[in-house]
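Single-letter residue listing:
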Amino acid sequence: MSAYLIIQATVHDWQKFAKYTEVVPPLVEKFGGQYIAMGQPELIEGQDAPKSVVISQWPDCQAAHNFWQSPDYVQAKKHREGTGQFSVLLIDGLSQTTLE
């Protein structure tokens, strides 16, 4: 079953964050993920929205964890430190039978 990694971000230092955006996409692909949405969300209801949201799809939760805990990503994540505020969520996708 697919899993989705959802990152809500408010970046304050785009110059420093740029290096992170260069090195992470190849790692996402290497570990079996793919980006399916990213950008500034439109707030339809509620009080606050993050400045940007990134959603990546993974074969399953284990694949997302393998990426997140890999030495490659741990090193890459250092480029993100001190650049903003981030919330990272992981959720299982729905199976086709759940939708029926």
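Up top you'll find the structure we're talking about.
Novice: What is the right way to read the overall build of the protein chain from this model?
Specialist: Looking only at helices and strands, the protein chain has 4 helices and 4 strands in total. For the protein chain, the N- to C-terminal ordering of α and β elements is β-α-β-β-α-α-β-α. Taken along the three principal axes of its C-alpha coordinates, the protein chain extends 45 × 35 × 15 Å. Sorting the 100 residues of the protein chain into buried and exposed places 25% on the buried side. The long-range share in the protein chain, meaning contacts at least 24 apart out of those at least 6 apart in sequence, stands at 74%. In the protein chain, which carries 7 positive and 11 negative side-chain charges, the distance between the mean positions of the two groups comes to 13 Å.

Novice: Please explain the packing of aromatic side chains as it appears in this structure.
Specialist: Note on aromatic pairs: each is described by the distance of the centres and the angle between the planes. Scanning the entire structure with this criterion turns up 9 aromatic pairs. Their ring planes at 70 degrees and their centres at 6.3 Å tell us that Y20 and Y73 sit as a pair that is edge-to-face. Of this pair, Y20 sits in helix 1 (residues 14-30) while Y73 sits in helix 3 (residues 71-77), and the two are 53 residues apart along the sequence. The exposure classification of Y20 matches that of Y73, with both residues buried.

Novice: Hey, could you run me through the nonpolar core in this one?
Specialist: A general trend in soluble globular proteins is that nonpolar side chains are found buried together. Formed by 14 residues in total, the largest nonpolar core has its most connected members in Y20, V24, V28, W58, F67, Y73 and A76. Going through the elements one at a time, strand 1 (3-11), helix 1, helix 2 (61-68) and helix 3 are the ones with two or more residues in this core. Ranked by the residues each element gives to this core, the list is headed by helix 1, at 5 residues. Every residue in contact with V28, bar those within four places of it in the chain, is listed here: G33, Q34, Y35, W58 and F67.

Novice: What am I meant to see in the sheet that holds strand 2 (residues 34-39) here?
Specialist: Each strand in a sheet pairs with another by means of backbone hydrogen bonds, the pair being arranged parallel or else antiparallel. Within the open sheet, the 4 strands sit side by side as 2-3-1-4. Their pairing is antiparallel. Every other strand in the sheet has two partners, leaving strand 2 and strand 4 (84-92) as the edge strands with one partner each. When the angles between neighbouring strand axes are averaged without regard to direction, this sheet yields 15 degrees. Sitting on the sheet, helix 1 is in contact with strand 1, strand 2, strand 3 (52-58) and strand 4, with an inclination near 155 degrees to strand 2. Across the sheet, helix 2 is in contact with strand 1, strand 3 and strand 4; its angle to strand 4 comes to roughly 150 degrees.

Parameters and conventions
- Residues numbered from 1 in each chain as written.
- Predicted model: local features only at pLDDT ≥ 70, side-chain atom pairs only at ≥ 80, totals over all residues.
- Heavy atoms only, no water.
- Helix = DSSP H or I, 4+ residues; strand = E, 2+ residues; numbered from the N terminus.
- Buried < 20%, exposed > 50% of the residue type's maximum accessible area, 1.4 Å probe, protein only.
- Contact = heavy atoms within 4.5 Å.
- Lys, Arg positive; Asp, Glu negative; His and termini not counted.
- Charge placed at Lys NZ, Arg CZ, Asp CG, Glu CD.
- Phe/Tyr/Trp six-rings, centres within 6.5 Å; stacked < 30°, edge-to-face > 60°.
- Core = buried A, V, L, I, M, F, W, Y, C linked by side-chain atoms within 4.5 Å.
- Pairing = 2+ DSSP bridges.
- Axes fitted to C-alpha atoms, helices over the stretch in contact; angles between N-to-C directions.

Function cannot be read off these values alone, since they describe shape.
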